[in-house]
Amino acid sequence: MTWTEGVITRTPSTIEVKLPESGVFYFARQQVRERGAWAATKLTDDDPLHDQLTREFGQSLQTLLLPHQQEIARHATARYTRLARVTVADHPHRVYFVFPAASGPDVLVLPSQQRTRQLAAILIGALVLLALIARFT
């Protein structure tokens, strides 16, 4: 009788997946990253959540989870949280982001992109006016 044994070890690697650019402001992502209640899930190549994440985050997850040559399967652990982006007709210049936190749902209120542009234009106009006044006095 011949017994052959082999132990394969592999150090887990961490890959950062880029979030979609549209829809979520940077400040909102930062707040959710710091204050949000995150859950971990294990992903395999046949997980339905994997299909949804691949559609949302592109090919980086697809190549991460597909088994390579001579591998049986792969799995990964992902952290996720839910985030709702809400706009209200009565408040057109505000965007509400709702996400789960340790103490319950948390609401973050940010100005809309249109309001941000308006405020930036006012600030630039005020700076130009001050520069003109300083130049002619």
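Look above for the structure.
1. Notes on the packing of aromatic side chains
Stage number 1. The final tally for this structure, using the stated rule, is one aromatic pair.
Stage number 2. Aromatic pair phenylalanine 25 and phenylalanine 97: ring centres 5.7 Å apart, planes at 75°, arrangement edge-to-face. Taken together, the residues phenylalanine 25 in the segment before helix H1 (26–35) and phenylalanine 97 in strand E4 (residues 91–101) connect sequence positions 72 residues apart.

2. Brief notes about the sheet that holds strand E5 (residues 104–111)
Stage number 1. Taken in spatial order, the three strands line up as E3-E4-E5 in an open sheet, and their pairing is antiparallel. Two strands close off the open sheet at either side, each with one partner strand: strand E3 (84–88) and E5. Across the sheet, the mean angle separating the axes of adjacent strands is 30° when strand polarity is ignored.
Stage number 2. Bridging between E4 and E5 involves eight bridges; their strand directions are antiparallel. When the sheet's bridge partners are listed, proline 100 is paired in E5 with proline 105.

Rules and cut-offs
- Starting afresh in each chain, residues are numbered from 1 along the sequence in its written order.
- Residues qualify for local features only when their pLDDT is at least 70, as the model is predicted, and side-chain atom pairs are given and counted only at 80 or more; totals for whole chains, interfaces and linings, by contrast, use all residues.
- Here the side-chain values reflect all heavy atoms present in the structure, with hydrogen atoms and water set aside.
- Aromatic pairs are defined between Phe, Tyr and Trp rings, using the six-membered ring for Trp, whenever the two ring centres lie within 6.5 Å; interplanar angles under 30 degrees are classed as stacked, those over 60 as edge-to-face, and all others as tilted.
- The secondary structure listing takes helices from DSSP runs of H or I that are at least 4 residues long and strands from runs of E that are at least 2 residues long, numbered from the N terminus.
- The pairing criterion is simple: DSSP has to find at least two bridges between the two strands.
- Helix axes use the C-alpha atoms of the stretch in contact, all axes being lines fitted to C-alpha atoms, and the angles between their N-to-C directions lie in the range 0 to 180 degrees.

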